[in-house]
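Report on the structure
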Amino acid sequence: MLFYILRRIASAISVVVVTLVASFGLFFVAPTDPAGVICGQRCTPERYNEISKSLNLDQPVVDQVTDYLKGLVTERTFTSGGLSIKCPAPCLGYSYTLGQPVTKLIGQALPVTISIVLGGAVVYLIVGILAGIIAARRRGTTMDRFMVGSALGINAVPYFVVALLVSLYATFLPRSGYHPFLENPATWATGLLAAWLTLGLTNAASYTRYARASMIETLGEDYIRTARSKGISERRVVYRHGLRAAITPVATIFGLDLAFQLTGAIFTEALFGLPGLGMLTLRAFNQYDLPVLMGGVLIGSVVLVAMNLVIDVLYTILDPRVRLG
């Protein structure tokens, strides 16, 4: 198992590096002038030369990529307005538009996105899995048809429409806003409640269907019938024996959903006024802030490959029949 994990880590690092090099070529080596794009329309020659030299845009492409990769493990120095600005490792570049290191900008935005996504995940996992189990145990009944029909109806409405309606008309919910968790946990939770409920309840519909289908299949297995024939209580059969096997495919979907939500929570952040990673990336796109876009791509690729690795390892914990190799 250790060899498998090490091999997957090496594979994940190679994927991240390839993604990084490809993104670097797309942003900085494309037939455009990166320094001019970053500097903007009212760019003076001094400012242009300063950006070009600080980002090594006047060097060969191989040297540019090498310097960027070195910045992930060593300190880099940038020049802005005649001042030398140190960017400690891991350094993802410097935003001349916002006047701050990219690492600092992402460090401020990432906790917001993580708070939104994890809070929503708690809601849709609890609601979705419990609803799916109830529907599976009452297969073919009115309760089952109601839950499946409700899930299909919610899934038919685009997420951004639901989020927009909640942000406009759910005035009974606390006003949205982000406050650091360590300063005041209660205020932190209150400001994110609307986003959590919106993200959680809309995604719970999908997890209800996933959990129901998986639970129906699991409850028909021979070992479940054997457990029932031994006189084990129905609650223990369902929640201890059945749920452990049924949760495995749901965990796969959850891991991928969590990764995509961490890198794409832009609708939630925009509609609820939360300054997360999605809003930072969108602002960078509108302002042609290439270093910030590069940082966003790097974070996104790391999250995706890391979640895939975690899912593979989690399989062996959730389902003893799975062995890594």
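Residues numbered from 1 in each chain as written. Predicted model: local features only at pLDDT ≥ 70, side-chain atom pairs only at ≥ 80, totals over all residues. Heavy atoms only, no water.

**So, the overall build of the protein chain**
Counted only if it meets this: For the purposes of this entry, the term helix denotes a DSSP run of H or I that reaches at least four residues, the term strand denotes a run of E that reaches at least two, and both are numbered from the N terminus. Buried, partly exposed and exposed residues are distinguished by accessible area as a fraction of the type maximum, computed with a 1.4 Å probe on protein chains only: under 20%, between the cut-offs, and over 50%, respectively. Note on definitions: a residue-residue contact is assigned when non-hydrogen atoms from the two residues lie within 4.5 Å. Here, Shrake-Rupley sampling with a 1.4 Å probe gives the accessible areas, and only protein chains in the shown set may cover a residue. Here Asp and Glu are counted as negative and Lys and Arg as positive; His is not counted, and neither are the chain ends. Every charge is mapped onto a representative atom, which is NZ of Lys, CZ of Arg, CG of Asp or CD of Glu.
Each helix and strand counted, the protein chain has 13 helices and four strands in total. The C-alpha extent of the protein chain, read off along each of the three principal axes, is 80 × 55 × 40 Å. Counting the 325 residues in the protein chain, one finds 41% classified as buried. Intrachain contacts of the protein chain at a sequence separation of at least 6 include 66% that bridge at least 24 residues. Total accessible area computed for the protein chain in this model is approximately 17200 Å², and 65% of it derives from carbon and sulfur atoms. Between the mean site of the 26 positive side-chain charges and the mean site of the 18 negative ones, the protein chain shows a separation of 13 Å.

**Regarding the state of the cysteines**
In plain terms, the rule: Any pair of cysteine sulfurs within 2.5 Å is marked as a disulfide.
The final tally for this structure, using the stated rule, is two disulfides. Disulfide pairing places C39 opposite C43 at an S-S distance of 1.9 Å. Of note, the bridge from C39 to C43 carries an S-S torsion of about 90° and is right-handed in sense. Since its relative accessible area comes to 17%, C39 is described here as buried. Among the residues examined, C43 registers a relative accessible area of 25% and is labelled partly exposed. Paired through a disulfide, C87 and C91 show a sulfur-sulfur distance of 2.2 Å. Linking C87 and C91, the disulfide has an S-S dihedral of approximately 115° and is accordingly described as right-handed. Exposure remark for C87: the relative accessible area of 1% places this residue in the buried category.

**Details of the UniProt feature "domain: ABC transmembrane type-1" (unreviewed entry) in the protein chain**
Where we set the bar: UniProt positions are given in the numbering used here, feature names are shortened, and annotations may be inferred rather than shown by experiment.
The UniProt record marks residues 110–315 with the feature "domain: ABC transmembrane type-1" (unreviewed entry), using the residue numbering of this structure. Between the end C-alpha atoms of residues 110–315 the distance is 27 Å, and the span holds 82% helix and 0% strand.

**Details of the environment of L199**
Among the secondary structure elements, L199 is positioned in helix α8 (residues 185–219). We classify L199 as buried; its relative accessible area is 7%. Along the primary structure L199 and K230 are separated by 31 residues, whereas in three dimensions their C-alpha atoms are 42 Å apart. Apart from residues no more than four positions distant in its own chain, L199 is found in contact with I116, V117, G120, Y124, Y159, Q261 and T268.

**What to know about the packing of helix α5 (residues 102–137) against helix α10 (residues 234–263)**
For any two helices packed against each other, one specifies the crossing angle of their axes together with the interaxial distance. What counts, and what does not: In this analysis an axis means a line fitted to C-alpha atoms, helices contributing only their contacting stretch, and an angle means the value between N-to-C directions, from 0 to 180 degrees. It is the rotation of the near helix from the far one that decides the hand of a crossing: anticlockwise by less than a right angle makes it left-handed, clockwise makes it right-handed. Amino acids are sorted into nonpolar (Ala, Val, Leu, Ile, Met, Phe, Trp, Tyr, Cys and Pro), charged (Asp, Glu, Lys and Arg) and polar (every other residue, Gly among them).
Across the interface, α5 lies against α10 with an axial gap of 10 Å and an inter-helix angle of 145°. Between α5 and α10 the crossing geometry is right-handed. Residues T113, I114, V117, L118, A121, Y124, L125, I129, I133 and R137 of α5 touch α10, and the partners they reach there are E234, V238, Y239, L243, I247, V250, F254, L258, Q261 and L262. A breakdown of the residues in the contact of α5 with α10 according to their chemical character gives 16 nonpolar, two polar and two charged.

**What to know about helix α3 (residues 45–54)**
Along α3, the residues that are buried comprise E50, I51, S52 and S54. Immediately downstream of α3, the backbone of N56 shows phi near 60°, a positive value.

**Here's the deal with helix α1 (residues 2–28)**
Our working rule: Take the residue count of a helix, subtract one, and multiply by 1.5 Å to get its expected span.
For α1, which comprises 27 residues, the first-to-last C-alpha distance of 38 Å matches the rise-based estimate of 39 Å (1.5 Å per residue) to within 8%. Taken together, the buried positions of α1 are occupied by Y4, A12, V16, L20, S23, F24, F27 and F28.

**So, the pattern of salt bridges**
For clarity, the threshold we go by: Any carboxyl oxygen of Asp or Glu within 4 Å of a side-chain nitrogen of Lys or Arg constitutes a salt bridge here.
One pass over the structure, following the stated rule, counts five salt bridges. The salt bridge partner of K86 is E75, with a shortest N-O separation of 3.9 Å. Of this pair, K86 sits in strand β2 (residues 83–87) while E75 sits in the loop between α4 (61–70) and β1 (76–80), and the two are 11 residues apart along the sequence. Residue class for E75 comes out partly exposed when judged on its relative accessible area of 47%.

**Digging into the packing of α5 against α8**
For the pair α5 and α8, interaxial distance at closest approach is 5 Å and the crossing angle is 35°. Between α5 and α8 the crossing geometry is right-handed. Tallied by class, the residues present in the contact of α5 with α8 amount to 22 nonpolar, eight polar and one charged.

**Description of the pairing of β2**
Within a regular strand, side chains alternate between the sheet's two faces. Heads up, the rule is: Any two strands are treated as partners once DSSP identifies two or more bridges connecting them.
Pairing analysis gives five bridges linking β1 to β2, with the strands arranged antiparallel. In the strand pairing of β2, T77 is matched with K86. Hairpin geometry of β1 and β2 is characterised by an intervening segment of two residues between the two adjacent antiparallel strands and by a positive phi of about 65° at G81.

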